[in-house]
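Residue-level structural notes
Spelled out, the chains give:
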Amino acid sequence: HENANKQGVMHRDISTGNILIFRDSNGESFGRLMDYDHAKTTKEFTPLTPKAKDLSDDDFEEFKKTVQSLIKFDKLSTVVEDDVVREALKWVDFSWIAAPRTNTLAQYMKGTLPFMSGEVIARTSLVFHGAEPRFVHQAIHDLESFLWVLVRICMSRKGPGIGMGREKELDINKPGFYNPALSHALVSYFDGTEDVLKESKAKLLRSTERFENDIVKNFDPYFEPFKPLVRQWWNIIILGYMYRAHEFYNIHHHILRIIDDALPTLPDESKAEATRKELTRREKHRARLLGTFKSTAPAGNTSISTPPGSPRTSLIITPPLSYQVLHSEQDSPSARKQRPSKRQKM
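Each chain carries its own residue numbering, running from 1 in the written order of its sequence. In view of the model being predicted, local features appear only for residues whose pLDDT reaches at least 70, and side-chain atom pairs are presented and counted only at 80 or more, with totals across whole chains, interfaces and linings using the full set of residues. Calculated side-chain values reflect all of the structure's heavy atoms, with hydrogen atoms and water omitted.

**Details of helix α7 (residues 194-205)**
Helix and strand assignments come from DSSP, with helices taken as H or I runs of at least 4 residues and strands as E runs of at least 2, each series counted from the N terminus. The span one expects for a helix is its residue count, reduced by one, times 1.5 Å. Taking 1.5 Å of rise per residue, the twelve residues of α7 would be expected to cover 16 Å, and the 17 Å separating its terminal C-alpha atoms lies within 8% of that figure. Using a 1.4 Å probe on the protein chains alone, a residue whose accessible area is under 20% of its type maximum counts as buried, one over 50% counts as exposed, and one in between counts as partly exposed. Within α7 the residues assigned to the buried category are Leu-197, Ser-200, Lys-201, Ala-202, Leu-204 and Leu-205. For α7, the secondary structure elements touched by its buried residues are α4 (118-122), α5 (139-156), α6 (180-191), α8 (208-215) and α9 (227-243). Every residue pair with non-hydrogen atoms within 4.5 Å of one another is taken to be in contact.

Following this line, the structure appears as structure tokens:
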């Protein structure tokens, strides 16, 4: 996603159905992001280099409270001194840079509703401290969708593999198992109507306590180790939306950083009973599929492998931390489908 974004491609439909896990010839797992039907493309990039700005004492105290509340909520022990906070806030871009842009498809929502950002559903910025000329789907909205994919798994499942859903807790006819708080949260943030999700996610952006109570507390105990990562992820998203500064323009860098930091802290479940059973089931399923493919493949072609033109990184990586923002949506595949042909114009 980061590599595509740096080349002017925005996916806009992050969901559980569009994230696939593969194995290479060495048995190592790697991911693929598929289905670019709703993607938009652009060749226009605006460098956004914020200028240092001294804050008044009143402004400093206001923004400092926000920073401190996020630090406390994330249960970090580090004490941030005023001079550090003041220096960092000097570089915050408090006014949206009104660069010219074309946005012919802004009125249409793109994505899979349960995993869409609250801002994308609302088609407007919800907590930005400034004036935005027009709402545009940006990388940060896709990175929020990635978070919703993870959250959905942590809330709706109790472990890896088939048969590990929390269906009993969602069945009102099973009094001993039914979990009304979990049921309400899943409807509010995933399974409800567009209006329900729009209202729920808008409220979530304005209250860290609501995120803790509605989302984190409803994780299955199996996913307890993921809670610190999810809290950090959400806090970075909030900071990006509110201030349109470093977190907003370099969202991939920040999210990948906290994921890399979190991975060593997660327990090794490779030898757990549930994991072992699921891996065994997958191996048997894969063997059956390979047997079927080989029996139906043309003579002389019995190998199943990743196509040569499909390396792990198929897109050229541009230098990191470049300030970019997408402008045009008119070159998206969906837009091209809607354009009349030359013959139709005549």
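**With respect to the packing of aromatic side chains**
Stacked, tilted and edge-to-face are the three classes applied to pairs of Phe, Tyr and Trp rings, where Trp contributes its six-membered ring and a pair requires centres within 6.5 Å; stacked means planes under 30 degrees apart, edge-to-face means over 60, and tilted covers the rest. Going through the model one piece at a time under the given rule, you end up with nine aromatic pairs. Summarising the aromatic geometry, the rings of Phe-115 and Phe-190 are spaced 6.2 Å apart at their centres and angled 65° between planes, so their arrangement reads as edge-to-face. Highlighted residues: Phe-115 in the loop between α3 (82-89) and α4 and Phe-190 in helix α6, separated in sequence by 75 residues. Looking at Phe-115, the relative accessible area reads 7%, which means it is buried. Here the aromatic cluster, defined as three or more aromatic residues joined through ring pairs, consists of Phe-115, Trp-148, Tyr-189, Phe-190, Phe-211 and Trp-234. Only when the NZ of Lys or the CZ of Arg is both within 6 Å of the ring centre and within 35 degrees of the ring normal is a charge said to sit over the ring. In this structure, Lys-201 packs its charged tip against the face of Trp-148, placed 4.4 Å from the ring centre.

**Some details on the packing of α5 against α6**
In helix packing, the relevant descriptors are the interaxial angle and the interaxial distance, both defined with respect to the helix axes. To define axes, lines are fitted to C-alpha atoms, for helices over the stretch in contact only, and angles between the resulting N-to-C directions are given on a 0 to 180 degree scale. Running from N to C, α5 and α6 point in directions that differ by 155°, and their axes come no closer than 11 Å. Taken together, α5 and α6 sit at an angle that is classed as roughly antiparallel. Crossing of α5 against α6: the hand is left-handed. Residues Trp-148, Val-151, Arg-152 and Met-155 of α5 pack against Leu-182, Ala-185, Leu-186, Tyr-189, Phe-190 and Asp-191 of α6. Angles below 35 degrees are treated as roughly parallel, those above 145 as roughly antiparallel, those between 65 and 115 as roughly perpendicular, and all remaining angles as oblique. Take the far helix as your reference; a near helix turned counterclockwise from it by less than a right angle gives a left-handed crossing, and one turned clockwise gives a right-handed crossing.

**Some remarks on the confidence of the model for the protein chain**
Every residue carries a pLDDT, the predictor's confidence in it, which falls somewhere between 0 and 100. Confidence in the prediction for the protein chain averages 77 pLDDT; 66% of positions are at 70 or higher. When mean pLDDT is taken per element in the protein chain, α5 scores highest with 97 and helix α14 (residues 342-345) scores lowest with 39. In the predicted structure, residues 304-325 sits below a pLDDT of 50 and forms 40 contacts with residues beyond four places in sequence or in another chain. Residue range residues 327-346 is modelled with pLDDT below 50. Its contacts to residues more than four positions away, or to other chains, number 44 contacts.

**Looking at unusual backbone geometry**
Even without being glycine, Arg-123 reaches a positive phi, approximately 60°. Among the structural elements, Arg-123 can be located in the loop between α4 and α5. When its relative accessible area of 34% is taken as the criterion, Arg-123 is described as partly exposed. Here Arg-244, not a glycine, exhibits a phi torsion of approximately 50°, which is positive. Mapped onto the elements of the fold, Arg-244 is located in the loop between α9 and α10 (246-249). By relative accessible area, which is 1% here, Arg-244 ends up buried.

**A closer look at the pairing of strand β2 (residues 19-23)**
Here β2 pairs with strand β3 (residues 29-33) via five bridges, running antiparallel. Across the sheet, residue Ile-21 finds its bridge partner in β3, namely Gly-31. When DSSP finds two or more bridges between two strands, those strands count as paired. Linking β2 to β3, which pair antiparallel, is a turn of five residues; within it Gly-27 sits at a positive phi near 85°.

**Some details on the pattern of salt bridges**
Whenever a carboxyl oxygen of Asp or Glu lies within 4 Å of a side-chain nitrogen of Lys or Arg, that contact is scored as a salt bridge. For the structure shown, the criterion picks out twelve salt bridges. Taking the shortest distance from any N to any O, the salt bridge between Glu-212 and Arg-231 comes out at 2.9 Å. Here the residue Glu-212 occupies a position in helix α8, and Arg-231 occupies one in helix α9, the gap between them amounting to 19 residues. A cluster of three or more residues bridged by salt bridges with shared partners is formed by Arg-166, Glu-169 and Asp-220.

**Structural notes on α8**
Looking only at α8, the buried set comprises Thr-208, Phe-211, Glu-212 and Ile-215. The arc that holds every buried residue of α8, seen down its axis, measures 105°, which confines them to one face. Picture the helix axis, draw a direction to every C-beta atom, and the arc is the one those directions span.

**Re the packing of α5 against α9**
Between α5 and α9, the least distance of the axes is 11 Å, while the angle of their chain directions is 155°. One way to sum up the angle between α5 and α9 is to call them roughly antiparallel. In the crossing of α5 with α9, the sense of the turn from one axis to the other is left-handed. Across from Ile-140, His-141, Leu-143, Glu-144, Phe-146, Leu-147, Trp-148, Leu-150 and Val-151 in α5, the residues of α9 making contact are Leu-229, Val-230, Trp-233, Trp-234, Ile-237, Gly-240 and Tyr-241.

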